[in-house]
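What the coordinates show
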Amino acid sequence: MWKTVLVLVVSLASAACISGGGRRPPAGPSQPPTLSPIEAALMGQWELVGIEAQGRSLQGSGRLSFDQFNNFAVHAELAPGEAGVTPPRLVVLDFAAKAAVSGADQLTYVGLEPRAPADQMVPQASEPSAWRHFAIEGDTLRVWQENADGQPAGVMTFRRVR
């Protein structure tokens with residue numbers, strides 16, 4: 001009797017293997033995660049149009065991007081003619097990370113990677129993770145860091161390019 005049961009089990013297992021019963025369907029293309037309305041508004045390519053630091057408006061250039069996979073990258077540098085700037089030390093901020101929106105106006109970074117070499121950073125450049133506050137109004141994005149009193153210590157303003 002046990003031989004009959006064993007033959008039956010082996011036969012069923014063989015039939016399942018031959019018919020492909022153990023195979024998974026092929027994986028389709030990965031779908032991007034669903035974005036919150038705030039993340040959707042932040043998504044895109046942005047061009048730097050203004051830098052404010054210590055109550056002064058500064059000239060500079062740069063870009064910011066945020067995509068549907070939460071990849072966040074920013075590069076900002078001062079114009080070579082700005083007072084106190086000594087080329088090649090022009091870069092104020094340059095990093096890439098995964099970003100998540102916390103609340104309505106803060107970013108949390110994971111895997112933050114600075115990209116510019118230290119010899120290109122301006123001496124007063126702050127820690128990239130400090131630039132975590134933001135506000136979007138139409139096609140204008142403001143990103144800032146706060147001082148110990150919770151006041152903006154530096155502000156970068158971007159305009160959406162796409």
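All of the points below concern the structure found in this document. (Residues numbered from 1 in each chain as written. Predicted model: local features only at pLDDT ≥ 70, side-chain atom pairs only at ≥ 80, totals over all residues. Heavy atoms only, no water.)

**As for the environment of Glu47**
By the element assignment, Glu47 lies in strand 1 (residues 44-53). The sequence separation of Glu47 and Leu141 amounts to 94 residues, and the corresponding C-alpha distance is 9.4 Å. Setting aside its immediate chain neighbours within four residues, Glu47 contacts Gly62, Thr157, Phe158, Arg159 and Val161. Among the polar contacts made by the side chain of Glu47, one reaches the side chain of Arg159 at a distance of 2.2 Å. (Helix = DSSP H or I, 4+ residues; strand = E, 2+ residues; numbered from the N terminus. Contact = heavy atoms within 4.5 Å. Polar contact = N/O pair within 3.5 Å; in protein donor to acceptor, adjacent residues only side chain to side chain.)

**Overview of unusual backbone geometry**
Look at the link from Pro87 to Pro88: it is a cis peptide, with omega at 10°. With respect to the secondary-structure elements, Pro88 resides in the loop between strand 4 (71-78) and strand 5 (91-102). You will see that Gln54, though not glycine, has its phi angle at about 50°, which is positive. The residue Gln54 is located in the loop between strand 1 and strand 2 (56-58) in this model.

**Overview of the nonpolar core**
Core analysis: the largest hydrophobic core is formed by 28 residues, its most contacted members being Leu64, Phe72, Leu107, Leu141, Met156 and Phe158. Taken together, the elements giving at least two residues each to this core come down to strand 1, strand 3 (60-66), strand 4, strand 5, strand 6 (106-114), strand 8 (140-146) and strand 9 (152-160). The element that contributes the greatest number of residues to this core is strand 5, accounting for 6 residues. Setting aside anything within four residues of it in sequence, one finds Leu107 in contact with Leu42, Phe72, Ala99, Ala100, Val101, Arg132 and Phe134. (Core = buried A, V, L, I, M, F, W, Y, C linked by side-chain atoms within 4.5 Å. Buried < 20%, exposed > 50% of the residue type's maximum accessible area, 1.4 Å probe, protein only.)

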